[in-house]
Amino acid sequence: MSKRRSSSANEHPSKRSRPEQEEVEEDGEDDENCTSDVVSDAGIVESITLKNFMCHSLLGPFAFGSNVNFVVGNNGSGKSAVLTALIVALGGNAQATNRGSSLKGFVKEGESSADVSITLRNKGRDAYKPEVYGPAIMIDLRITREGLRTYKLRGKSGQIVSTKKEELISILDNFNIQVNNPVSVLTQEMSKYFLHSKGEGDKYKFFMKATQLEQMREDFVYIKTTKHVTEDKVGQHSECLKDLKRKYLEKEDRYKSLASLDEMHSKVEELQKQMAWALEKLRTDTHSTEKYDEKVDEWKVWLFCVAEAEKKHKQIQEQLEGITQKVQELQPKCAELKTEAQRRNTLFKASEVRLQAAMSTFSGRCLAARVEQIQAELENLTHQVSTLGQQIDQYQHASTRAKEEQGKIRREHSVLQRSIDVNKRNLQTLESSRSNRLRRFGEHMPALLSAIQEAHRKGQFKQRPRGPLGYLISLRDPELALAVEVCLKGLLQAFICDNHEDEKVLQGLMAKMFPGSRRPSIITSHFLRQVHDTRKRAVNHPDYPSVLQALEIEDPVVTNCLIDQRGIESILLIKNRAEARRVMQGAHPPANCTQAFSKDGDQIYNNRSYTAEQTRANYLSGDVEEEIRHIQREMENQEAQANRFQQHTKRLDEDIKQNDGLLRRTHMEQKSTKTSVAKATEICPERMTVRRTARSLDSELNRLKAKINTQQEQQGDREEVVRQYHEALENYKNMAQQMKNLNSFIKSLDSVMNHRLQVYAELRRFLSARCKYYFDSMLAQRGYSGSMTFDHKNETLSISVQPGQGNKADLSDMRCLSGGERSFSTVCFVLSLWAITEAPFRCLDEFDVYMDMVNRRISMDMMLKVAAGQRYRQFIFLTPQSMSSLPQSKIIRILRLKDPDRGQNNSQRSQEQDQ
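Residues numbered from 1 in each chain as written. Predicted model: local features only at pLDDT ≥ 70, side-chain atom pairs only at ≥ 80, totals over all residues. Heavy atoms only, no water.

**Some details on the overall build of the protein chain**
Reasoning step 1: In terms of helices and strands, the protein chain carries 22 helices and 23 strands.
Reasoning step 2: Taking contacts inside the protein chain between residues at least 6 apart in sequence as the whole, the part at least 24 apart equals 72%.
Reasoning step 3: Only carbon and sulfur atoms are counted for the fraction: they give 49% of the accessible area of the protein chain, which is about 52,100 Å². (Helix = DSSP H or I, 4+ residues; strand = E, 2+ residues; numbered from the N terminus. Contact = heavy atoms within 4.5 Å. Areas by Shrake-Rupley, 256 points an atom, 1.4 Å probe, with all protein chains shown as cover.)

**Quick look at the sheet that holds strand β5 (residues 136-144)**
Reasoning step 1: The strand order across the open sheet formed by six strands is β2-β1-β4-β5-β6-β7, and the pairing between neighbours is antiparallel. Edge positions in the sheet fall to β2 (56-63) and β7 (160-162), since each has one partner strand and no second. Adjacent strand axes in the sheet meet at a mean angle of 20° when their direction is disregarded.
Reasoning step 2: Here β5 runs beside strand β6 (residues 149-154); their pairing, made up of six bridges, is antiparallel. Bridge pairing in β6 links Leu141 to Tyr151.
Reasoning step 3: Sheet strands in contact with helix α3 (residues 79-89) are β1 (45-53), β2, β4 (113-121), β5 and β6, and its direction is about 100° off that of β1.
Reasoning step 4: Packing of helix α6 (residues 165-175) onto the sheet brings it into contact with β4, β5, β6 and β7, and relative to β6 it is tilted by some 60°. (Pairing = 2+ DSSP bridges. Axes fitted to C-alpha atoms, helices over the stretch in contact; angles between N-to-C directions.)

**Regarding the nonpolar core**
Reasoning step 1: Core analysis: the biggest nonpolar cluster contains 53 residues, and Phe70, Phe207, Phe829, Leu833 and Trp834 have the highest contact counts within it.
Reasoning step 2: When neighbours within four sequence positions are excluded, Phe70 is seen to be in contact with Met860, Leu864, Phe877, Thr879, Met883, Leu886, Ile892, Arg893, Ile894 and Leu895.
Reasoning step 3: Membership of the second largest hydrophobic core comes to 48 residues, among which are Ala455, Leu475, Ile571 and Leu573. (Core = buried A, V, L, I, M, F, W, Y, C linked by side-chain atoms within 4.5 Å. Buried < 20%, exposed > 50% of the residue type's maximum accessible area, 1.4 Å probe, protein only.)

**A word on the packing of aromatic side chains**
In this description, a pair of aromatic rings is defined by centroid distance and the angle of the planes.
Reasoning step 1: Across all of its chains, the model carries 13 aromatic pairs by this definition.
Reasoning step 2: Geometrically, the ring pair formed by Phe70 and Phe877 is tilted, given 5.2 Å between the ring centres and 35° between the ring planes. With Phe70 in strand β3 (residues 68-72) and Phe877 in strand β21 (residues 874-879), this pair connects stretches of sequence that are 807 residues apart.
Reasoning step 3: Aromatic side chains Tyr773 and Tyr774 sit 5.2 Å apart centroid to centroid with 65° between the ring planes, which places their arrangement in the edge-to-face category.
Reasoning step 4: Its relative accessible area of 48% is what places Tyr773 among the partly exposed residues.
Reasoning step 5: On the accessibility criterion, Tyr774 (2% relative accessible area) is buried.
Reasoning step 6: Here the aromatic residues Phe70, Trp834, Phe875 and Phe877 are joined through ring pairs into a cluster of three or more.
Reasoning step 7: The cationic tip of Arg608 hangs over the ring face of Tyr605; the distance from NZ or CZ to the ring centre is 4.2 Å. (Phe/Tyr/Trp six-rings, centres within 6.5 Å; stacked < 30°, edge-to-face > 60°. Lys NZ or Arg CZ within 6 Å of the ring centre and 35° of its normal.)

**Focus on empty space enclosed by the protein**
Empty pockets left among the atoms are what a rolling probe the size of a water molecule brings to light.
Reasoning step 1: One pass over the full model with this rule turns up six cavities of 30 Å³ or more.
Reasoning step 2: Empty space within the second largest cavity amounts to approximately 70 Å³.
Reasoning step 3: Around the second largest cavity, the lining residues are Val45, Ile48, Phe64, Val71, Lys79, Val82, Leu83, Leu86, Cys843, Ile876 and Leu878.
Reasoning step 4: Secondary-structure elements contributing two or more residues to the lining of the second largest cavity are β1, α3 and β21.
Reasoning step 5: For the lining of the second largest cavity, the element with the highest residue contribution is α3, accounting for four residues.
Reasoning step 6: Split by residue class, the lining of the second largest cavity holds 10 nonpolar, no polar and one charged. (1 Å grid on protein atoms, 1.4 Å probe; cavity = no way out; pocket = protein on both sides within 12 Å on 5 of 7 lines; lining within 4 Å. Points joined across faces, edges and corners; volume = space filled by probe spheres on them. Nonpolar A, V, L, I, M, F, W, Y, C, P; charged D, E, K, R; others polar.)

**A word on the pairing of strand β20 (residues 841-845)**
Reasoning step 1: Counted residue by residue, β20 has five buried out of five residues, so it is predominantly covered.
Reasoning step 2: Pairing geometry for strand β8 (residues 185-186) and β20, over two bridges, is parallel. Residue pairing across strands places Leu186 opposite Leu844, the latter belonging to β20.

**Some points on helix α16 (residues 556-566)**
Reasoning step 1: Burial in α16 covers these residues: Val557, Val558, Thr559, Asn560, Cys561, Leu562 and Ile563.
Reasoning step 2: Buried-residue contacts for α16 involve β9 (473-475), α13 (481-488), β10 (495-497), β11 (522-524), α15 (547-550) and β12 (551-553).
Reasoning step 3: Of the residues that open α16, the one with a side-chain oxygen 3.0 Å from the backbone nitrogen of Val557 is Asp555.
Reasoning step 4: A positive phi of about 65° marks Gly567, the residue just after α16. (Polar contact = N/O pair within 3.5 Å; in protein donor to acceptor, adjacent residues only side chain to side chain.)

**Overview of the sheet that holds strand β13 (residues 571-573)**
Reasoning step 1: The four strands lie next to each other as β13-β14-β15-β16, forming an open sheet whose pairing is mixed. Looking at which strands have only one partner, the edges of the open sheet turn out to be β13 and β16 (609-610).
Reasoning step 2: Relative to β16, strand β15 (residues 603-604) runs antiparallel, the two sharing two bridges. What sits directly across from Ile604, in β16, is Ser609.

**Here we look at helix α14 (residues 500-513)**
Reasoning step 1: Look at α14: 20 Å from first C-alpha to last across 14 residues, which is about the 20 Å you get at 1.5 Å a residue.
Reasoning step 2: Those residues of α14 that fall on the buried side of the exposure criterion are Asp502, Glu503, Leu506, Leu509 and Met510. Down the axis of α14, the sector holding all buried residues measures 125°, keeping them to one side. Pointing more than 90 degrees away from the buried face of α14 are the exposed residues His500, Lys504 and Lys512.
Reasoning step 3: For α14, the secondary structure elements touched by its buried residues are α12 (445-457), β10 and β11.
Reasoning step 4: Taking the backbone nitrogen of Glu501 as reference, a side-chain oxygen 3.2 Å away marks Asn499 as the first, capping residue of α14. (Expected span 1.5 Å × (residues − 1). Arc of directions from axis to C-beta.)

**Examining the pairing of β1**
Reasoning step 1: When you tally the buried positions in β1, you get seven out of nine residues, the bulk of the element.
Reasoning step 2: In this sheet, β2 lies alongside β1 in antiparallel orientation, the contact comprising five bridges. Directly across from Phe53, in β2, lies its bridge partner His56.
Reasoning step 3: The loop that links β1 with its antiparallel partner β2 comprises two residues; one of these, Met54, has a positive phi angle of about 55°.

Given below as structure tokens:
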């Protein structure tokens, strides 16, 4: 229900508020301060201001007290406008005010917008973001003529914290402010509709709305509707799940059918491997057959001879048979003929044996010789492949080394070329400086100085700039030129200006003289005619000079600039590097000495030293011709070195081309050597024993390929089938999981709703009982008796009241009471609802309009007694009565509104406080 604990005048006031006697005796504390027994007064209204709202140009600011406030005024003075503004500014809609159907109706006629400003107290333990807003929250509302509503939420300091309505809602929730709750804000129309209505259902609705049970019931109805919608969705998803499962099973069948297709692909690969080695075997056999064609021809000739011999043998047999017939006739020659026949038969058999032996011997020897020859050729090829691989590695390594060396030489040549270019520029500068020393500082420097002189002559400079500084100084000892140049660095080319106006003029001249090159730096410092007194901070060494002592400078402006920018009075110049380290890094370094420089440009500190990168002085050296000769000699050496680099690079290019040619030829030889071995190995790495002919393998391959093409045409693309299968599986799983989650949600929702409905029924019964108790207590204060009957099933609330102490059976309905008695009973009903609900402030609009003086007095006493027992709450009563009969109390504040000026439609505010 809320954050605050409910309390009333009849409940142990010592726990939450002071006794009434102490409140009356309180003297002079400010209304904004909380008493020690108050739990929290956060959320009460401190002030409200209206501008161009409804028919009022300006109302307020009204400063409300922290407990009881009476807004008194005649009709039209602005009482209801204040209440309406309070509702609208705190997020209520136009219908809740019963003063209009749209917000634009609250803007005064002829004005573009209406403004309402409300200040809420933000103290105590229930304060909202006190570190941001402070002790008060200011809510500024603006309503435009178009009906748009904008908010500005400010802290106590007036700084805007937020402009979002969500922040306002958070503030209202934190303070438990419910402007739409009739117990918090009871308007005239709401009172007429609910309280003064004769219908029992209207009173029950008022009770439900006041206790927020109606809101809870609406939430339950919404949850129940959401549950039915969810169940409908579950039913729809069940049908979708069946369709998804059917599609998933179809895709699964197609996916499984791919397995047989994979088997056929595997069979094709196996046959292709066998085919490869069958073709290799056929090629080998064909090659061997060609080698032995001549031997076969010899065998055919030998077999022809054998056939002739067999033919002769047959003829001899025939002759033998003829001779046998003639044996009897030629008996005498029989023995001779037999002997001759046996001899020839023996010769024939011997010939057959010799022929078979000769054929066997010849075939075995030829096959063995061929096998040995093939093995020898294979070993030779293997050795040749290994040799070629080693040669390729050597050529590649040599080519890589040559390319790396070539890249290194090219980089060195590039660095050398840049150095040559720099020396050429320096040489040109030195040659031009023979006639003009200024050209050492840049070819544009003479023209710049001429432009400066011309500008100074014309009065463009307040003081003529000095520079370049290196041109305006000279050395006492020429050997220290490099040391001084390394010390001063970029200051040698810098210019000095007396003021920023001269600096801008000089920058313009430099922009013209140096359009694309780097410009000298400009130092702006006020020109002094005397050199700085450096005696206290300068270094004085008996053996070695400082930079200031080593220079001859005529212009004190230049001297002061070098002292300010580089501190030349505290830098020693020591020619010998070892001596400089001994002096600076010894046990007692010179006083006021920050650093030292050797004649080679080395920079030495007390704890460290740095070697100079520069080897010769460019600006301060005195012998120009010697510098020119030195640069010329250096350029000659560099050009000779560049020529050597070019020759070496040319030789490397030739070596690289030669190695690339050898490498290509070796690759070709290796490739041709491996071709015969790799043809079958590419298809099948391991040699296979093939028992089938190439023709039968080719026939089966064609048959399997045709079958695979047929199945692929029927099933479609393999990747598409797999993708559709996984997609269907994923959709089915997702939908099944959603169904599971929804069913679990519905089950949990049923359990939670059943429990909350039980709690809701218990809470409704408890609030009803408390409301009855407080209603009876309120009636008893006037001596009334009554009853309050709740019918939650039919949603009715029956209230019966008996004036005076009478029999319970004599109780009559409120409709039978007089107007004053019915109004008093209504006040008792409202007070009983106050006792069981929580809100930081309560507003009643013309609560006593139907009461007579006696009932008004009794009702007023009852409400003041309740207010006295609830010092942490604020009460705002709007009434047309004068309230002059109120008791004197520091907790009561009366705001009196002047009667409206009908001519100007404006009202002023008059406020007084009754003690």
